[in-house]
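Next come the chains, spelled out residue by residue.
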Amino acid sequence: PNLLEVGVVAGLIWLRRVGNSLKKIVQHWHRYLTLCWHSGRDKGFMTTFDTLLAACARRGAGFLPYIDPDRLDKADLAKTAAACEAQGADAILIGGSFLLSTHFDRMVQEVKQAVEVPVIIFPGDTSQIAPAADAILFLSLISGRNPELLIGQHVKAAPLLKAHGIEPISTGYV
């Protein structure tokens, strides 16, 4: 599969194809995660990652607005997601660094019910896993040295993702 680079610009998430520098490492990791996630699934099933790749192929980039529940009124989360979809969003990212809000799973469910595009978790840590999500960015903090962020959170999250059937999308985060 092609590697997607995720970037944050003024609160919007953008995707673009990247060169070979980190590509082989992240592709290997993505292949491993995809094989684990797909075990026992229908071969004709289109993943969220496939949907993002199709958006990149169609338009050259993907449009993934980021919704931070800590920065929006909880009553406006679903409305905001629906407005983003109406403006051409390919998927909705939801999550936050701190997540001071409670009931993250319920917020993800409300957003999921309001849109037809995939809802992808952009997690701050393992407390931000919601079974209602279509996928989760499995972030590898490339620029850090903290082993908890490099691999510790992954080890904690992997069994939960498998149990809930949430598609992991391996993502190099700089």
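Being a predicted model, the structure only gives us computed values, none of them experimental.

Asks: Just checking my understanding: could you explain the overall build of the chain for this structure?
Replies: Counting its secondary structure elements, the chain contains 5 helices and 7 strands. When the helices and strands of the chain are read in sequence order from the N terminus, they spell out β-β-α-α-β-α-β-α-β-β-α-β. Counting only residues that meet the buried cut, the chain has 41% of its 174 residues in that class. Only carbon and sulfur atoms are counted for the fraction: they give 58% of the accessible area of the chain, which is about 9,400 Å².

Asks: Sorry, what's going on with the confidence of the model for the chain here?
Replies: In this model, the chain carries a mean pLDDT of 76, and residues with pLDDT of at least 70 account for 71%. Considering only residues more than four positions removed or in separate chains, one finds that residues 1-15, a stretch of pLDDT under 50, has 51 contacts.

Asks: What is the right way to look at the packing of helix α3 (residues 77-86) against helix α4 (residues 104-114) in this model?
Replies: The relative placement of two packed helices is expressed as an angle between their axes plus a distance between the axes. As a packed pair, α3 and α4 sit with axes 8 Å apart at the nearest point and diverge in direction by 35 degrees. Considering the relative orientation of α3 and α4, their crossing is right-handed. Here Leu77, Ala78, Ala81, Ala82 and Glu85 of α3 come into contact with α4, specifically with Met107, Glu110, Val111 and Ala114. Tallied by class, the residues present in the contact of α3 with α4 amount to 7 nonpolar, no polar and 2 charged.

Asks: Is there a simple way to think about helix α2 (residues 48-59) in this case?
Replies: Spacing of three or four residues puts side chains on the same side of an α-helix, whose turn is 3.6 residues. Between the first and last C-alpha of α2 there are 17 Å, a value that for 12 residues agrees with the 16 Å anticipated at 1.5 Å per step. Regarding α2, the residues found buried are Thr48, Phe49, Leu52, Leu53, Ala55 and Cys56. An end-on view of α2 places all buried positions within 155 degrees of arc, on one side of the element. Set apart from the buried face of α2 by more than 90 degrees, the exposed residues are Ala57 and Arg58. Directly after α2, the chain includes glycine 60, whose backbone phi takes a positive value near 85 degrees.

Asks: Looking at this structure, how should I read the pairing of strand β7 (residues 167-173)?
Replies: Across the 7 residues that make up β7, a large majority, 5, are buried. Pairing geometry for strand β6 (residues 135-141) and β7, over 7 bridges, is parallel. Residue pairing for β7: leucine 137 is matched across the bridge by isoleucine 169.

The rules behind the values
Residues numbered from 1 in each chain as written. Predicted model: local features only at pLDDT ≥ 70, side-chain atom pairs only at ≥ 80, totals over all residues. Heavy atoms only, no water. Helix = DSSP H or I, 4+ residues; strand = E, 2+ residues; numbered from the N terminus. Buried < 20%, exposed > 50% of the residue type's maximum accessible area, 1.4 Å probe, protein only. Areas by Shrake-Rupley, 256 points an atom, 1.4 Å probe, with all protein chains shown as cover. pLDDT = per-residue confidence, 0-100. Contact = heavy atoms within 4.5 Å. Axes fitted to C-alpha atoms, helices over the stretch in contact; angles between N-to-C directions. Left-handed = near helix turned anticlockwise from the far one by under 90°. Nonpolar A, V, L, I, M, F, W, Y, C, P; charged D, E, K, R; others polar. Expected span 1.5 Å × (residues − 1). Arc of directions from axis to C-beta. Pairing = 2+ DSSP bridges.

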